[in-house]
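The lines below spell out each chain.
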Amino acid sequence: MMQSLNRGSHEIMIDNMVRFHTGYAQVQDYRFEEEASLDNAFYFDNELENRITATNNRIEMVLPRIQTFMLAGNDYATRGAMVMGIDAEKEHAFNNLKDNLISGEFFEPNDRKAVVTAGLAKRLQLETGDVLVLIGQGRFGMSANALYEISGIVRHPIREMDNQTVYLPLAEAQFLLSADGYITNLLVSTSSDRFTNTITSAIASEIDDEELTVFTWTELIPDLLQLLEFDLVGAYFLAAVLYIVIGFGFFGTILTMTLERMREFGMLLSIGMQRIKLAVVVLIETIFISLLGVLLGMGVAWLFLYYLHLNPIQLTGDVAEAIIEMGWEPILPVSFAADQFYTQGFYVFLIALVVFLFPLVKIFRLNILEASR
Amino acid sequence: MKNHIIKTENISKTYNPDTVPVHALKAVNLEFSKGEFTSIVGPSGSGKTTLLNMLGGLDKPTEGHVEVDGVKITGMKDSKLIEFRLQNIGFVFQHYNLIPVFTAKENVSFIMLLQKRSKKEMEHRAEELLNKVGLGDRMDARPKQMSGGQQQRVAVARALASEPKFILADEPTANLDTSSAMNLLDIMEKMNKEQGITFIFSTHDQRVIDRARRVITMVDGQVHTDEIHKESSSTITENDSQRIDTE
Ligand SMILES: Nc1ncnc2c1ncn2[C@@H]1O[C@H](COP(=O)(O)OP(=O)(O)OP(=O)(O)O)[C@@H](O)[C@H]1O
Ligand SMILES: [Mg+2]
């Protein structure tokens, strides 16, 4: 149960992080990590795209982004915003960004329009069709000021980003920032996290002698990963505690059952039932009881998880805030993999076998006279 | 040459030999023959239960040995002894130890199942025996649904089912009211007379003692008297029970 919840949260969180934020791998100028400035952008063209894509056939595509902080405002207010020039088609192919549109639509590559994330739009009281002012600096200190019509408002699954992102068409952003042809980040996509390391090292050897460097998503967000691992350890620990609790509960049942039946066992030995036969009967009983418990438990858990699956728990209050801070969605989704049920059922079965040791030892040590007293 | 079915050779039993030794049996020599209807009597703590446990191979004597049908059971390996009990000795316990989840018929059949008899024989014999002990109409009742006397009759039927060489019963009537006790004794006596089943039972109950043909009195772990009542007199028994009833 807990693991289901946890795994569900983690899968979604990693997915969101990778698809909306970091990519599975990311190419940057080697100075960018130290100083995330437009000055440390790098030149990106078809030639580079082809070279990187060709390094490994697990690479699906690359997504160029140019991003920098600017002031975003209107008549009403001004806020710091992460301005991100993107290839909207590619982003959509990677993370279905357009499905998150709340209103309006995405810009075409050559439009001079912006898409604003929902949180930012709310703070600035912006709606589709309004005008957004962007004020900041471009590459090498060039001033960068412009007005954009808002073509749409989109919800970003990572709350922090949702509160501060402005999307521009890549070409428009490059123009605004005096960075024609330049990008700051190149996200690399693959079909599964399993290939992250493979593609990263393939790219690394290709760009070895250039002023570029490549990171895996885990290298880009180590803090988050740590949190995640800690969380998983917590989940396993919790599971272990649960198994111990289940084990002791079950042990208690079998213990009482065994002790209550000592007289019966003694009688059976008296009239001529072999200890080994008696042990087999009790083993069958123990397994039967545990299976019944497992099936019942699984049934209830399945129903419960299914319910949660259909109706994820909406978290509110402090917990929700804390989770939003971490970039989760404030819901508790569940992982719904059948193998978890089998695994846990198997564990319970093992517990039954361990618990059976008690009646087993009792039966073989049983002194008939003491038992029948 | 005597036809001994059980023979004890100087058996002694000392409980807790290392701490507070209790000499429950002291050099007891006894012989039991086929067809006996024997009562073991004596004050509480005199060693009746201990003796019966020795005869049934449920406990080992500290000294001496027990022979059943010419086979020395003392010192037998545990699993071999269990098998020996299954094939040769019937038990009726004071607390009518039946299997609670089984019906009367299943309780009787179970011991035959252990003996690996055929299903048909099991069915047939269980029904026959339950009829004989007067429980033909309670075959499918579980122990909880039966009176103490009825449960004890199931226990007798179970003991008979395995066709043992003899049946040991430690205070079989101790938890029964007078009429149930007499009814049980009637059944045991009938089995003894008609089929020559050997019964050895311990008791405190004078009415039960009076029904026995041989009475062994234990005192302080030793055989005090060992008397044969040539003819167990039903008149005395009846008078006796009437006297007790009117008291
Ligand atoms: N397991 C044991 N450990 C120690 N002492 C025992 C044990 N069983 C019996 N004794 C003692 O051995 C003696 C004989 O006991 P036993 O049970 O054979 O007497 P009994 O004649 O059956 O008595 P009762 O009529 O009360 O059933 C008693 O003094 C008893 O306290
Ligand atoms: Mg006794």
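Refer to the structure presented above.
Before going into details, it helps to say that this report is about the structure given with it. (Residues numbered from 1 in each chain as written. Chains lettered and ligands numbered in written order. Predicted model: local features only at pLDDT ≥ 70, side-chain atom pairs only at ≥ 80, totals over all residues. Heavy atoms only, no water.)

### Some thoughts on the packing of aromatic side chains
Part 1: The full count for this structure, using the stated rule, is nine aromatic pairs over all chains.
Part 2: With centroids separated by 5.9 Å and ring planes inclined at 80 degrees, the aromatic side chains of F37(B) and F199(B) adopt a geometry described as edge-to-face. With a gap of 162 residues between them, F37(B) in strand β3 (residues 37-41) and F199(B) in strand β8 (residues 199-202) connect regions that are remote in the sequence.
Part 3: Residue F37(B) is classed as buried on the basis of its relative accessible area, which comes to 1%.
Part 4: Here the aromatic rings of F37(B) and F201(B) are separated by 5.2 Å at their centres, their planes lie at 65 degrees, and the arrangement is edge-to-face. Separated by 164 residues along the polypeptide, F37(B) in strand β3 and F201(B) in strand β8 bring together distant segments of the chain.
Part 5: Stacked on the ring of F195(A), the Lys or Arg R58(A) has its end atom at 4.1 Å from the ring centre.
Part 6: We note R139(A) situated over the ring of Y182(A); from NZ or CZ to the ring centre the distance is 3.8 Å. (Phe/Tyr/Trp six-rings, centres within 6.5 Å; stacked < 30°, edge-to-face > 60°. Helix = DSSP H or I, 4+ residues; strand = E, 2+ residues; numbered from the N terminus. Buried < 20%, exposed > 50% of the residue type's maximum accessible area, 1.4 Å probe, protein only. Lys NZ or Arg CZ within 6 Å of the ring centre and 35° of its normal.)

### What to know about the sheet that holds strand β1 (residues 4-15) of chain B
All names here are of chain B.
Part 1: The strand order across the open sheet built from four strands is β2-β1-β4-β5, with neighbouring strands paired in antiparallel fashion. Either end of the sheet is taken by a strand with one partner, and the two such strands are β2 (22-33) and β5 (71-72).
Part 2: Sheet topology note: the β1/β2 ladder contains eight bridges and is antiparallel. Its bridge partner lying in β2, T14 is registered against H23. (Pairing = 2+ DSSP bridges.)

### Details of a negative patch on the surface
Residue and element names in this part refer to chain A.
Part 1: Together, E33, E34, E35, D39 and E219 make up a region of like negative charge exposed at the surface.
Part 2: With respect to the helices and strands, D39 occurs in the loop between β1 (25-29) and β2 (42-43).
Part 3: Of the residues examined, D39 reaches a relative accessible area of 32% and is grouped as partly exposed. (Patch = residues over 30% accessible without salt bridge, like charges linked within 9 Å, V, L, I, M, F, W, Y side chains within 5 Å. Areas by Shrake-Rupley, 256 points an atom, 1.4 Å probe, with all protein chains shown as cover. Salt bridge = Lys/Arg side-chain N within 4 Å of Asp/Glu carboxyl O. Lys, Arg positive; Asp, Glu negative; His and termini not counted. Charge placed at Lys NZ, Arg CZ, Asp CG, Glu CD.)

### Quick look at the pairing of β1(A)
All names here are of chain A.
Part 1: Here β1 lies mainly inside the structure; five of its five residues are buried.
Part 2: As paired strands, β1 and strand β11 (residues 185-190) are joined by three bridges and run antiparallel to one another. From the neighbouring strand, A25 faces β11, where its bridge partner is V188.
Part 3: Strand direction decides the pairing type here: β1 and strand β12 (residues 212-216), joined by five bridges, are antiparallel. By the bridge assignment for β12, Q28 is matched with T213.

### Details of the environment of Y24(A)
Part 1: Mapped onto the secondary structure, Y24(A) falls in the loop between α1 (2-22) and β1.
Part 2: C-alpha separation for the pair Y24(A) and D193(A), spaced 169 residues apart in sequence, amounts to 6.9 Å.

### Regarding the nonpolar core
For soluble globular proteins, nonpolar side chains are generally found buried alongside one another.
Part 1: I6(B), L51(B), V108(B) and L130(B) are the most contacted members of the largest nonpolar core, which has 90 residues in total.
Part 2: Setting aside anything within four residues of it in sequence, one finds L51(B) in contact with I11(B), L25(B), V28(B), L30(B), I40(B) and M218(B).
Part 3: Formed by 43 residues, the second largest nonpolar core is a distinct cluster that contains F44(A), I52(A), A118(A) and I199(A). (Core = buried A, V, L, I, M, F, W, Y, C linked by side-chain atoms within 4.5 Å. Contact = heavy atoms within 4.5 Å.)

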